[in-house]
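Close look at the chain arrangement
Residue-level listing of the chains:
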Amino acid sequence: MSRNSYYLSNVALLAGLAIVGSVVYASYNRMMDWAKLIVFWLGASGMGFFLLYRILARARTYRRTRPVYLYPRWYRILCALLLLLGLWAAISFNYLTLATWQKPAFYWELLAQEQPSANQYAVVWKLGNQRFRETVQLESLRLTALADVALADKKEKLEIVAGLDSITVSVQPTAGAHTREIQLPEPCSLPPLRHRTLTLHFDYRQHFAIFSLAATYRNVSVAESPQAKATTFVPQTVVAPQYVLIEPSFAGVVEFSELARRVRRPAAQTHEPLILALGRSGDPQALAVLLELLQGRDPKVKDAACRGLAELRDSRANPALIRLINRENHPQAVRALGMIGSEEGIEFLVRLLGDDQREPYLRTAAAGVLSESSHPLATKALVALLRQKAGTDVLLQREGLLALVKMNDSLAAQLTLEMAREPRSGEQVRVLIEVMRELEVPATLPRFAEWLRNWRRYDLTLDDVQLMLDYIVAGAHTNMVATLIDILNHEPTTEAQSRLVQALSRLVQQDLGTIHFPALNHDMVVANERVISAWQQWWGQARKQPGFANQIVPTNTSEQL
């Protein structure tokens, strides 16, 4: 081979190394595009040419009739191995680049952190766009407090100041108790292969806190021609891979593994908030750590681990929580099952609610968490259980109906009216009164009319009567006036008469006198009779007014139902 090929291979090696090095540097800084990828293969080809020359080069000699290899065998074998290794590295780099382009366009990268002075901490993040044809439109930046505890003065608040590039932006609390939103200038976009810097300053004093950062953005693909419209994609959310940990003796950005290590090293004031922070983080590694804590002996740690699992909402925790309930009757585990909301957990809670052998506080906890569940199975199973056992179990009737009111009030109203048609004890009627007051459905008024008229027969108290009267007055149900006056006319005790007159006065805004209770002499009795007669006379005139149409009369209660 000619000497020119030798020099050309050396030049190709140097140029290839320079090109590949510059492209790898651009990739490290998330500045890759198709042009750089093509240039990378040109540089890699130059390096490959250098190695192929060393493997295949031959020289003519006067000693032999045909050319011989220019380089020794061991050297050619080494070059062949380097060629194969380089080819594998180039293909891997190509694959990783294509895989990176499939990842979210937006990325977080930690640039710097420092503590300018005691109790102050600053951290700088890069907010970047690793797409080469799409613009990232930032919609929101959120700072979520996974834990925030004032260790000394409980009223002392942690102060946060944010800056985007060189512009100071405000940090405002949102409707969520633990989230603050960083106010972005309008519009806030990241052009292809560009980035901006976010600076956060914390003035924390005696605080323990853990923060996570998240960004919500849209990709905007700009068409090549100016006349074409840009395409906007669905919003996506990317969470920063590290967490900001702040405590009196330390402040810095840490990985989840550091949080897991610290949770195994208990501290009196920060152990419980740290456990809750693991659950709120949503990290895939959090489940194993929380399940490990659930096996401990400390009741406070178990409570916190259950609450952390409730925040994590991973259904793989169900078996451990069910075992804890069956073994220790743990109410916090009941709440965690309900918060997770999986089918397995809901089925267990429904069975627990209907088991009259279990502790009342566990069944109450099960009803409470079922009321917050949106799972369709919970509603269906709860209705079936109430129809089957509510007649014999007052606790199940109360907690189950109140839970159903929050889940499906129309279904709860239907089921409550079905139960009200059957003869009930005073305790069961009290439960129905409480549920009907929560429902605020006019269809319950005929039943109230029946119970008010015969409150002694249903073994109710005057307090129960007062609850029904308050409901009628609060709802301005003037179609109950005839019922109340009829009951007033037949009521033998002055105490009940007094409550009825007060309710009527508030309901129709009329003052026709006050019932004397107790009636200590004949004059008071006569005065009370005069008040009752006045109401009867008033009703004889008022009943003809349009505002008092469609009265619910006690004697017609059964027909209306």
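The structure we're discussing is the one just above.
Reference entry: report on the structure contained in this document. (Residues numbered from 1 in each chain as written. Predicted model: local features only at pLDDT ≥ 70, side-chain atom pairs only at ≥ 80, totals over all residues. Heavy atoms only, no water.)

Here we take up the overall build of the protein. Each helix and strand in the protein was counted, giving 21 helices and 16 strands. The C-alpha atoms of the protein give a radius of gyration of 38 Å, which is well past the 24 Å a tight globule of 561 residues would have. Seen along its three principal axes, the alpha-carbon backbone of the protein occupies a region of about 150 × 55 × 50 Å. The buried share among the 561 residues of the protein stands at 47%. Relative to all contacts within the protein whose residues are 6 or more apart in sequence, the contacts with residues 24 or more apart total 65%. Averaged over its 60 positive side-chain charges, the protein has a centre that lies 16 Å from the centre of its 53 negative ones. (Helix = DSSP H or I, 4+ residues; strand = E, 2+ residues; numbered from the N terminus. Rg over C-alpha atoms; globule rule 2.2 N^0.38 Å. Buried < 20%, exposed > 50% of the residue type's maximum accessible area, 1.4 Å probe, protein only. Contact = heavy atoms within 4.5 Å. Lys, Arg positive; Asp, Glu negative; His and termini not counted. Charge placed at Lys NZ, Arg CZ, Asp CG, Glu CD.)

Now for the sheet that holds strand β4 (residues 120-129). Read across the sheet, five strands follow the order β3-β4-β11-β6-β7 without closing on themselves; strand pairing throughout is antiparallel. With partners counted over all chains shown, the strands left at the sheet margins are β3 (106-114) and β7 (167-169), one partner each. In this sheet, neighbouring strand axes are inclined to one another by 25 degrees on average, regardless of whether the strands run parallel or antiparallel. Pairing analysis gives three bridges linking strand β6 (residues 159-164) to β7, with the strands arranged antiparallel. Directly across from A162, in β7, lies its bridge partner V169. (Pairing = 2+ DSSP bridges. Axes fitted to C-alpha atoms, helices over the stretch in contact; angles between N-to-C directions.)

Here the focus is a nonpolar patch on the surface. A cluster of nonpolar residues, W74, L78, L82, L85 and W88, forms a patch on the protein surface that exposes about 600 Å² of accessible area. Position of L85 relative to the elements: it lies in helix α3 (residues 73-102). (Patch = residues over 30% accessible without salt bridge, like charges linked within 9 Å, V, L, I, M, F, W, Y side chains within 5 Å. Areas by Shrake-Rupley, 256 points an atom, 1.4 Å probe, with all protein chains shown as cover. Salt bridge = Lys/Arg side-chain N within 4 Å of Asp/Glu carboxyl O.)

So, about the pattern of salt bridges. Per the counting criterion, the structure on display carries 25 salt bridges. Across the pair R196 and D165 runs a salt bridge, and its minimum N-O distance is 2.9 Å. Of the two residues, R196 is situated in strand β11 (residues 195-203) and D165 in the loop between β6 and β7; the sequence distance between them amounts to 31 residues. What makes D165 partly exposed here is its relative accessible area of 36%. With its nearest N and O atoms 3.8 Å apart, the salt bridge here joins R506 to D470. Placement of R506 in helix α19 (residues 494-508) and of D470 in helix α17 (residues 462-474) is noted, with a sequence separation of 36 residues between them. The exposure class assigned to D470 is partly exposed, which follows from its relative accessible area of 27%.

Position of L56 relative to the elements: it lies in helix α2 (residues 34-56). L56 sits in the exposed class, given a relative accessible area of 51%. Sequence spacing of L56 and V68 is twelve residues, and the spatial spacing of their C-alpha atoms is 9.9 Å.

Counted by the stated rule, this structure contains 19 aromatic pairs. Centre to centre, the rings of Y6 and Y53 are 6.3 Å apart; their planes meet at 55 degrees, and the pair counts as tilted. With Y6 in helix α1 (residues 3-28) and Y53 in helix α2, this residue pair connects regions lying 47 residues apart in the sequence. Taking relative accessible area as the criterion, Y53 reaches 5% and is therefore assigned buried. (Phe/Tyr/Trp six-rings, centres within 6.5 Å; stacked < 30°, edge-to-face > 60°.)

Quick look at the pairing of β6 now. One ladder, built from six bridges, connects β6 with β11; its direction is antiparallel. When the sheet's bridge partners are listed, L164 is paired in β11 with L198. Where β6 hands over to β7, the hairpin turn is made up of two residues, of which D165 adopts a positive phi near 55 degrees.

Attention shifts here to the side chain of D283. With respect to the secondary-structure elements, D283 resides in the loop between α5 (271-281) and α6 (286-294). Of the side chains bearing the opposite charge, R316 lies closest to the buried D283, which forms no salt bridge; the N-O distance is 9.3 Å. Polar side-chain contacts of D283 include one of 2.8 Å to the backbone nitrogen of Q285. Sequence-distant contacts of D283, defined by excluding residues within four places in its chain, comprise Y243, F256 and L312. (Polar contact = N/O pair within 3.5 Å; in protein donor to acceptor, adjacent residues only side chain to side chain.)

Where helix α8 (residues 318-328) meets helix α10 (residues 343-354), the axes come as close as 10 Å, and the angle between the chain directions of the two elements is 15 degrees. Taken together, the axes of α8 and α10 lie roughly parallel to each other. Of the two elements, α8 crosses α10, and the hand of that crossing is right-handed. Between α8 and α10, the residues in contact are N318, P319, I322, I325 and N326 and E344, G345 and F348, respectively. Of the residues that constitute the contact of α8 with α10, the class distribution is four nonpolar, three polar and one charged. (Parallel < 35°, antiparallel > 145°, perpendicular 65-115°, else oblique. Left-handed = near helix turned anticlockwise from the far one by under 90°. Nonpolar A, V, L, I, M, F, W, Y, C, P; charged D, E, K, R; others polar.)

Nonpolar side chains in soluble globular proteins generally cluster together in the buried interior. In this structure, I210, L321 and W451 are the most contacted members of the largest nonpolar core, which totals 116 residues. Leaving out residues up to four positions away in the same chain, L321 has contacts with L294, C306, L309, A333, A336, L337 and I340. Core analysis: the second largest hydrophobic core is formed by 37 residues, V123, L138, L184 and A209 among them. (Core = buried A, V, L, I, M, F, W, Y, C linked by side-chain atoms within 4.5 Å.)

Attention now goes to the packing of helix α9 (residues 331-340) against α10. Axis separation between α9 and α10 bottoms out at 8 Å; the angle between their running directions is 135 degrees. On the basis of their axis angle, the class for α9 and α10 is oblique. By crossing handedness, the relation of α9 to α10 is classed as left-handed. Residue-level contacts link V334, L337 and G338 of α9 to G345, F348, L349 and L352 of α10. Residue composition of the contact of α9 with α10, grouped by class: five nonpolar, two polar and no charged.

Quick look at helix α12 (residues 376-389) now. When the terminal C-alpha atoms of α12 are compared, their 20 Å separation across 14 residues agrees well with the 20 Å that a helix rising 1.5 Å per residue should span. Of the positions making up α12, those classed as buried are A378, T379, L382, V383, L385, L386 and K389. Down the axis of α12, the sector holding all buried residues measures 170 degrees, keeping them to one side. Those residues of α12 that are exposed and aimed more than 90 degrees away from the buried face are P376, K380 and Q388. Buried residues in α12 make contact with α10, α11 (360-371), α13 (394-407) and α14 (409-420). (Expected span 1.5 Å × (residues − 1). Arc of directions from axis to C-beta.)

Most of strand β15 (residues 243-247) sits inside the fold, with five of its five residues counted as buried. Along β15, one buried face is formed by Y243, L245 and E247 and the opposite face, lined by V244 and I246, is buried too. Looking at chain direction, strand β12 (residues 207-221) and β15 are connected through three bridges and run antiparallel. Across the sheet, I210 pairs through a bridge with L245, a residue of β15. When β15 meets strand β16 (residues 250-254), the two strands line up antiparallel, connected through five bridges. Its bridge partner lying in β16, Y243 is registered against V254.

What is shown is where atoms sit, not what they do.
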